[in-house]
Each structure stands twice: as C-alpha cells, then as structure tokens.
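Structural overview
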Amino acid sequence: MTKIVILTGAGISAESGIETFRAEDGLWAQHRVEDVATPEGFARDPETVVNFYNDRRAQAAGVEPNAAHRALAQLEAQHGGEVVVITQNVDDLHERGGTQKLYHMHGYLNGALCATCDYRWAAPMKMAAGDACPECATPAARPDIVWFGEMPYDMDTLFQHLGEADIFAAIGTSGNVYPAAGFVAEARRGGAHTIEFNLEPSAVGNQFEEHRTGPASQTVTEWVAELLKR
Ligand code: NAD
Ligand code: APR
C-alpha cells in the first residue's frame, strides 16, 4: 500500500488565523528571532521568551483547525496505506483536527520542559520565568520548543519515514529552515513522488516534481478527495 509522508509548516495554520513567520506581517517581523527563538535569547531574558510563547499559546487556544488539517485526518482515517504527518508547527491544530500519527519536530506550544532534568509536563496557559520543575523542583521551566541551534525531535525516525515514502508532500512551509528544508531531497532519494502545496514556490520549490498552488484549505482538500477516490 502507498505510504504518504507529509511535512507541514506555518502556512497550514495561516487560514486558522495564526500568522506565519516570514510573511511581511509575520511573527519574525514583530520579534527578533535571536531574542525569542534561541537558547541565548532565553538565557538573556527568560521573561520575554516565556511571554512570547504565552501569547502564542493563548492565540492558538482561540482558533480552530481548518479544512486542510481536517482533510489530512480524513486521509489518515480512510487511506489504506500508512499516513505520517511531520509538523514544524508547535500549535496543536493537527491533533485537534484528528491526525493521530504526528511528529512535532520543533516541539509543543502546550508543553513545558525542565532545562535541568529534561522532565516534560503540560504547560499552564501562562508560564513564568523561574517556574519550578514538578519533578526536580529547580526553577528551570522553559517552553518545550526547539529553538534555532537546537536539535529537532525524532530525527532518526523522521528520516526512516522519509526513506519509506511513496509520496512526500510539503504543505505551507517556506523551505528556509533545515533540516526540514532537506526532507524533499531525502524523500526523492527513497524514490518518492514529491508535491509542494504553497501560495508560491518555496526556497526548495525546484526540488518538487509537482506543485499545487493556492490556499491549503482548498488545494489539500482537493488532493485528499482525489486520493480517496482511487
Ligand atoms: P537555522 O538555519 O535554522 O538558523 C541559523 C541561525 O540563523 C539561527 O541561529 C538563527 O539565529 C538565525 N536565523 C535562522 N532563520 C532565521 C530567520 N528566518 N530570521 C532571522 N534569523 C534567522 O539553523 P539552526 O540555528 O541550526 O536551527 C536548526 C533548528 O532549530 C531548525 O532546524 C529547527 O528545528 C529549530 N528551529 C526552531 C524554531 C522554533 O521557533 N520552533 C525556530 C527556528 C529553528
Ligand atoms: N496555504 C498554503 N501555504 C501558505 C498559506 C496558505 N493559506 N499561507 C502561507 N503559506 C506559505 C507561505 O507562502 C510560506 O511559504 O506558508 C509558508 C510559511 O513559511 P514560514 O513563515 O517561513 O513558516 P515555516 O516554513 O513553517 O517556518 C519553518 O522556521 O521560524 C522557524 O521554527 C520556525 O517552524 C518554523 C520554521
């Protein structure tokens, strides 16, 4: 049976109302990456970083999955073969849209992590710098987010899935950040057919065999309907 591996980025959540990173009015236009998405930024000013993610957690709690999230869940439920979603997003819209087999390579907005003992727990809506770890009691709580310069989660498993993919789709990602931007090359090495879903070609758009241009809520829904009709 056909194995489908799907990488998603901020663009799949855009129509739910969560701004992307690199649009003109995007997240990185309002904040310096170095201040809120790097370990150095957290060490320098933990309160600013914790509040940046408190704001994003409140925003994500107030929006809903869109038709693209729901279409991927329908594909997983009704497609005969394996469907694996790898997201760079830290929001929980894939889970709330019904996707089961999901990897958050950049971490979890609703997760907290202890910088001392690596213990993980469900983040409160509002974290504060210096919150105590429930396990080791040190004041070392941080958002469970993979920042620039840190190793994404589950990389070995992700590369195994990419090598086994018959179809690799990238949805709503600009192809600016590695290792995710290198996934299409890895999937092609394994013989996958590659499709990019975006409003415009990404930085690695020329590596995809097929492009479906337009809002993901439309292009992904159409694609899933075609696949399930086969
Ligand atoms: P990188 O290419 O992602 O970034 C290199 C450096 O350039 C970073 O240290 C960052 O300070 C800066 N940078 C990168 N993209 C930028 C941008 N769009 N605007 C301004 N500055 C930018 O390589 P890296 O530092 O090795 O990051 C590796 C991993 O970090 C990524 O693969 C990803 O998994 C993770 N990451 C997570 C987040 C997040 O907010 N969750 C953000 C970015 C990266
Ligand atoms: N439908 C499809 N694609 C869309 C839509 C939409 N409705 N809206 C925006 N896009 C596309 C944009 O054209 C862009 O290519 O989504 C992409 C969003 O790109 P970025 O803002 O760079 O987000 P992303 O690719 O997820 O960033 C990767 O970088 O900053 C880090 O860790 C952060 O996970 C993020 C990573």
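Residues numbered from 1 in each chain as written. Chains lettered and ligands numbered in written order. Predicted model: local features only at pLDDT ≥ 70, side-chain atom pairs only at ≥ 80, totals over all residues. Heavy atoms only, no water.

Remarks on the packing of aromatic side chains
One pass over the structure, following the stated rule, counts ten aromatic pairs. Arranged with centres 5.9 Å apart and planes meeting at 20 degrees, the rings of Tyr 119 and Trp 121 form a pair that is stacked. Given a relative accessible area of 19%, Trp 121 falls into the buried group. When the centroid spacing of 5.1 Å and the interplanar angle of 55 degrees are considered together, the rings of Phe 197 and Trp 223 count as tilted. Here Phe 197 is found in strand E8 (residues 193-198), whereas its partner Trp 223 is found in helix H10 (residues 216-229), with 26 residues between them in sequence. Residue class for Phe 197 comes out buried when judged on its relative accessible area of 2%. Residue classification places Trp 223 among the buried residues on the basis of a relative accessible area of 2%. (Phe/Tyr/Trp six-rings, centres within 6.5 Å; stacked < 30°, edge-to-face > 60°. Buried < 20%, exposed > 50% of the residue type's maximum accessible area, 1.4 Å probe, protein only. Helix = DSSP H or I, 4+ residues; strand = E, 2+ residues; numbered from the N terminus.)

Comments concerning the UniProt feature "domain: Deacetylase sirtuin-type" (unreviewed entry) in the protein
According to UniProt, the positions carrying the feature "domain: Deacetylase sirtuin-type" (unreviewed entry) are residues 1-230. Across residues 1-230, helical content stands at 36% and strand content at 19%; the span's end C-alpha atoms are separated by 12 Å. (UniProt positions renumbered as here; feature names shortened; annotations may be inferred.)

Comments concerning helix H5 (residues 46-61)
Its 16 residues place the ends of H5 22 Å apart at the C-alpha level, agreeing with the 22 Å of an ideal helix rising 1.5 Å per residue. Turning to H5, its buried residues are Val 49, Val 50, Phe 52, Tyr 53, Asn 54, Arg 56, Arg 57 and Ala 60. Residues of H5 that are buried sit in contact with helix H2 (27-30), helix H3 (33-36), helix H4 (39-44), helix H7 (93-97), strand E4 (107-114) and strand E6 (141-145). (Expected span 1.5 Å × (residues − 1). Contact = heavy atoms within 4.5 Å.)

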